[in-house]
Amino acid sequence: MPRPAKGARLHKYKHTPYWYIADTGQTPRSTGCTSREDAEKALAAYIAAKGRTSTANDPDNITCGDVLAIYGEEYAPTVAAPERIGYALDALLPFWSDLKVSHVKGETCRRYVKWRDRADGTTRRELGTLQAAINYAHKEGYVTAAPVVTLPPKPEPKERWLTRPEAARLLWAAHRGHKSQHLARFVLISLYTGTRKDATLRMGFRPNTVGGWFDLERGVMYRKGGDERTTTKRRRPAAIPRQLLAHLRRWHTAGAVWAVEYDGARVGDIKRAFARAVRDANLEDVTPHTLKHTAITWALQNGASVWDASGFFSTSPETIEKVYGHHSPDYQESAKAAMERRRK
């Protein structure tokens, strides 16, 4: 039985310092690179161009690796957050790169989920990227048909939110943490505004090209910078709660340029500091996104309407109703009253 084709890959010969691209049925070609990192870039470019012919390929004549490379090179640069596609490609390629597009079916997708061994939500997003790549290749004429990718079940939305004592413990742990006082600012902003982590970390005190900003004179928070692309993650302006506004003004008066900064520089990642604060506060199953859940839950518990909460937290009314609606004191109140009312 013949060995299955290995596909395009890097190879190093003993007689030369350069990396070569070896591909089944093709003459090895030099990348002209001596470093593995540069050679991998050349390999990616080769794979991206490999499947591009003047006519569309049948699904059994083009690999998923080719399709993913095309998607990453042509489409990813046009979106607001190309790194998200990059993360998915990094996860997908080791499994799918040498498989033909015709191999995309339920059994193969389930095998990927088992091989990946991650949460259903994670593998669902990754396989969604594979489907998007196949659809893009079909639309652009690289492949004649677009097989359907079988996705794992959509997980139920997480309902973990912090009680006020839990939030106080987290805030105190963040404030007293070694070299992590900036984390306390992140926690405060998140609890008062329910803004997503990435958007919070890009917030400044004046308009900028990185992200949003706090208008301290008008008391308005602009979650999205003027130069940023609009995404499916709504980032609408919102009024700044007076308690947070007082903190922001104090930080800015003290010389802060960014809402969350360390030694005058914007903080790009709070992963380790946040995990340490959660551990020190003796909390479980808490992530930065839990703070958004907490802010919306508190707002509804305090009587905010679904419509106002949707506008303030830049979250669709459908999501507010589905995930958080039961926290409202008026939740199903009319139906409950109708059932309790004595029948005439």
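Scroll up to find the structure.
Here goes a summary of the coordinates provided. Because the structure is a prediction, the values reported are computed rather than measured.

Inspection of the sheet shows strand β1 (residues 9–12) paired to strand β2 (residues 19–22) by four bridges, in the antiparallel sense. When the bridges of β2 are listed, Lys12 appears paired with Trp19. Where β1 hands over to β2, the hairpin turn is made up of six residues, counted between the paired strands.

What follows is about the pattern of salt bridges. All chains considered together, the criterion is met by six salt bridges. With its nearest N and O atoms 3.3 Å apart, the salt bridge here joins Asp198 to Arg84. Taken together, the residues span a long stretch of sequence, with Asp198 in helix α8 (residues 197–201) and Arg84 in helix α3 (residues 82–96) at a distance of 114 residues. Between Glu166 and Arg160 there is a salt bridge, with its nearest N and O atoms 3.2 Å apart.

Attention now moves to the packing of α3 against helix α4 (residues 106–116). Two elements in contact, α3 and α4, have axes whose closest approach is 11 Å; the angle formed by their N-to-C orientations is 115°. Pair α3 / α4 crosses with right-handed handedness. Each of Ala91, Leu92, Pro94, Phe95 and Trp96 in α3 lies in contact with α4, whose residues at this interface are Thr108, Cys109, Arg111, Tyr112, Trp115 and Arg116.

Next up on the list: the sheet that holds strand β6 (residues 238–239). The strand order β4-β5-β6 describes an open sheet built from three strands, whose pairing is antiparallel. Two strands in the sheet have a free side with no partner beyond their single neighbour: β4 (213–215) and β6. As judged from the three bridges shared by β4 and strand β5 (residues 220–222), these two strands associate in the antiparallel manner. Bridge pairing links Phe214 to Met221 in β5.

This part is about α4. When we look at burial in α4, the residues that qualify are Gly106, Thr108, Cys109, Tyr112, Val113 and Arg116. Contacts from the buried residues of α4 go to α3 and α5 (120–139). Positive backbone phi, approximately 55°, marks Asp117, located one or two places after α4.

Here we take up the environment of Thr195. Note that Thr195 resides in the loop between α7 (181–193) and α8. Classification of Thr195 by relative accessible area gives buried; the value is 5%. Taking the C-alpha atoms as reference points, Thr195 and Thr315, 120 residues apart in sequence, are found 9.9 Å from one another. Setting aside residues no more than four positions away along its own chain, Thr195 makes contact with Ser190, Thr200, Met221 and Arg223. Engagement of the side chain of Thr195 in a polar contact is seen with the side chain of Arg223, the distance being 3.0 Å.

The rules behind the values
- Residues numbered from 1 in each chain as written.
- Predicted model: local features only at pLDDT ≥ 70, side-chain atom pairs only at ≥ 80, totals over all residues.
- Heavy atoms only, no water.
- Pairing = 2+ DSSP bridges.
- Helix = DSSP H or I, 4+ residues; strand = E, 2+ residues; numbered from the N terminus.
- Salt bridge = Lys/Arg side-chain N within 4 Å of Asp/Glu carboxyl O.
- Axes fitted to C-alpha atoms, helices over the stretch in contact; angles between N-to-C directions.
- Left-handed = near helix turned anticlockwise from the far one by under 90°.
- Contact = heavy atoms within 4.5 Å.
- Buried < 20%, exposed > 50% of the residue type's maximum accessible area, 1.4 Å probe, protein only.
- Polar contact = N/O pair within 3.5 Å; in protein donor to acceptor, adjacent residues only side chain to side chain.

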